Amino acid sequence: MGFGPKGCNLRHQVEVYHKYARNNAVIDYSFHGVIQHVDEEVLNEMREIVEHEGIPSFKIYLTYDYRVSDEEALKVLLRLKELGGITAVHPENNDTIKYLRQNFVKNGLTSPIYHALSRPPECEGEAVNRIINLAAIGGGAPLYIVHLSSALALDYIKLAHKRGQNVYSETCPQYLLLDEERYNEPNNGGLKYIMSPPLRKKENQVHLWKAIKDGHINTVATDHCPFAFNKEKQMGKEDFTKCPNGVPGIEERIPLMFSEGFMKRRIDINKFVEVCCTNPAKIFGLYPKKGTIQVGSDADIVLINPKKEVTLTKSILHENVDYTAYEGFKLKGYPVLTMVRGEVIVRDNKFIGQKGYGRYIKRNLGKTLV
C-alpha cells in the first residue's frame, strides 16, 4: 500500500486500498501494510491488522519522507516477530543520498545519470547490512529485503545466510536486464528509468542471476510504480530530483523472466516457477492456496508457448502508462493463456475476464515461510 496522510493510523490505508480494489480487481489479491511512523498506538494496532485483516507483512523505509529510525525499525521487527509476521524493508542510507543529491544540484549536475550517482551501491549496501544486524538484535526477526540491485548489498545477504539468519530478498527484472547507461538516453529518455534503487553498472547483473540460481535471492518482483513519460516524468527534465520515482513492469515480469531467464539458460524451469510463483506465496502466507498446482489449490495457471516470439513494445501491453522500460526486447516464449481459479481471464494477449472477479485473500504467515 502507498502512504496515507501524515499521522494516520494503520487502518486508514487498509480501508483506502479495500475501496480501490473492491468490485474492480480481476485477479485475487492481498496487501502489504505500510509503516509511516512508530508509536504505541501503531504497535498495538498491528495485531488487529495481522489477525483480523490477514495482513502479516508490513513495509518500512529507511529513506524518503516517511523513513523510520533504527530504533523504530527495531520495534517493528520485534513486534512482527511476536505476531508471526515479516518486515519488508526498502534499504538505502538516507543522509548520504540527501547530501549527494544536494551537492549535485548545487553544482549544476542535474541530468538523469546523477540520480544513479546520488544513490551509489554503498548506500544500499550499508542500509542492507544495518537492517540485517537490527533483525539479528531482534532475535532473528524475519526480514524481507525489497528490490535488491547490487552485488555489494547481495554480499551482506550472503553473510546473513551463512550465519543462519532468517533473511529473504527479491530483485526485479530491471536490475537483471537494464543498466545505468540507460540514464544517458537522448531527449531526456533517461527519465524513464528513475527509480530507487537506481539501475546499476552492468557487471552487477551476473551476480544477481547467480544469486537467484543459488537461492540467495528468493523472489523476482517488479516494484511496479508507473508515471507517464510524457507527463509526470517530464517534471525532472531540468532537474532529476524533481522526477517521480518509479517504473512500470508488472505485465512484463513473467515473459521477461521466461525468455531471459529460462530460455537463455540462466535458470532452469523449476527455478523460474520458484522465484516468480512458489516462493512469494510461501514467504507471504498464500501457500498452498497459491503458488503451486496440486489438489486443493486454486487453479491459477499461466500457459506459455516457448516457440512464440514477440518483440516487446508498449503497443502490445495493457498497462495504463505510455512506455515500457523494455521497448524492443526480443522475447522467445510468451504467455498465451491465463487462468484464475479455473476461469480463463486472458487468451492470446486479450483480456476476457470480468471486473470484480478477484477476491481479497486473508493471509496467515507463521508456519509457511520458505
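Up top is the structure.
(A) Main features of the packing of aromatic side chains. Scanning the entire structure with this criterion turns up 14 aromatic pairs. Where Phe229 meets Tyr323, the ring centres are 6.3 Å apart and the plane angle is 65 degrees; that geometry is what we call edge-to-face. Taken together, the residues Phe229 in the loop between strand S6 (219–220) and helix H10 (253–263) and Tyr323 in the loop between strand S7 (301–311) and strand S8 (330–340) connect sequence positions 94 residues apart. The same class applies to Phe229 as to Tyr323, namely buried.

(B) Fine view of helix H1 (residues 10–21). The end-to-end C-alpha separation of H1 is 17 Å, in line with the 16 Å expected for twelve residues at 1.5 Å each. Among all positions of H1, only Leu10, Arg11, Gln13, Val14, His18 and Ala21 are buried. One face of H1 carries all of its buried residues, which in axial projection span an arc of 160 degrees. In this structure, H1 carries Lys19 and Tyr20 as exposed residues pointing more than 90 degrees from its buried face. Against strand S1 (33–34), helix H2 (40–51) and strand S2 (57–61) lie the buried residues of H1. You can read the cap of H1 off the contacts: a side-chain oxygen lies 3.4 Å from the backbone nitrogen of Arg11, and it is on Asn9. Two residues or fewer after H1 comes Asn23, characterised by a positive phi angle close to 65 degrees.

(C) Layout of the nonpolar core. Ranked by internal contacts, the top residues of the largest apolar core, which has 83 residues, are Ile35, Met46, Ile131 and Leu143. When residues in this core are grouped by element, the largest group, six residues, is from helix H6 (residues 121–137). With residues up to four places along the chain from it excluded, the contact list for Leu143 reads Leu77, Ile86, Thr87, Val89, Ile131, Ile132, Ala135, Asn166, Val167 and Tyr168. Membership of the second largest hydrophobic core comes to eight residues, among which are Ala88, Tyr144, Val146 and Phe284.

(D) The packing of H2 against helix H3 (residues 70–83), seen in detail. Contact geometry for H2 and H3: axes closest at 10 Å, N-to-C directions at 35 degrees. As for how H2 packs across H3, the hand of that crossing is right-handed. On H3, the residues touching Leu43, Asn44, Met46, Arg47 and Val50 of H2 are Lys75, Val76, Arg79, Leu80, Glu82 and Leu83. Here the residues of the contact of H2 with H3 are counted per class, giving six nonpolar, one polar and four charged.

Calculation rules
The residue numbers shown here count from 1 along each chain, following its written sequence. Totals for whole chains, interfaces and linings use every residue, but because this is a predicted model, local features are given only for residues with pLDDT of at least 70 and side-chain atom pairs only at 80 or more, for both listing and counting. The side-chain numbers reported here are obtained from all heavy atoms of the structure, hydrogens and water having been left aside. Ring pairs shown here join Phe, Tyr and Trp side chains whose ring centres sit within 6.5 Å, with only the six-membered ring taken for Trp; geometry is labelled stacked below 30 degrees between planes, edge-to-face above 60, and tilted in between. Helix and strand definitions follow DSSP, with helices as H or I runs of at least four residues and strands as E runs of at least two, each counted in order from the N terminus. The buried label goes to any residue with under 20% of its type's maximum accessible area, the exposed label to any with over 50%, and the partly exposed label to all in between, with areas taken from a 1.4 Å probe on protein chains only. The length a helix should cover is 1.5 Å for every residue beyond the first. The arc in question is formed by the directions pointing from the helix axis toward the C-beta atoms. The contact rule is simple, with two residues in contact once any of their heavy atoms fall within 4.5 Å. Any N or O atom pair separated by 3.5 Å or less is treated as a polar contact, with the protein-specific requirement of one donor-capable and one acceptor-capable atom, and with residues adjacent in sequence counted only for side-chain atom pairs. Working definition of a nonpolar core: buried Ala, Val, Leu, Ile, Met, Phe, Trp, Tyr and Cys residues. They are joined through side-chain atoms within 4.5 Å. The angle between two axes is taken between their N-to-C directions and runs from 0 to 180 degrees, where each axis is a line fitted to C-alpha atoms and a helix contributes only its stretch in contact. Two helices crossing with the near one rotated counterclockwise from the far one by less than a right angle form a left-handed crossing, whereas a clockwise rotation gives a right-handed crossing. Each residue gets one of three labels, nonpolar for Ala, Val, Leu, Ile, Met, Phe, Trp, Tyr, Cys and Pro, charged for Asp, Glu, Lys and Arg, and polar for the others, Gly among them.

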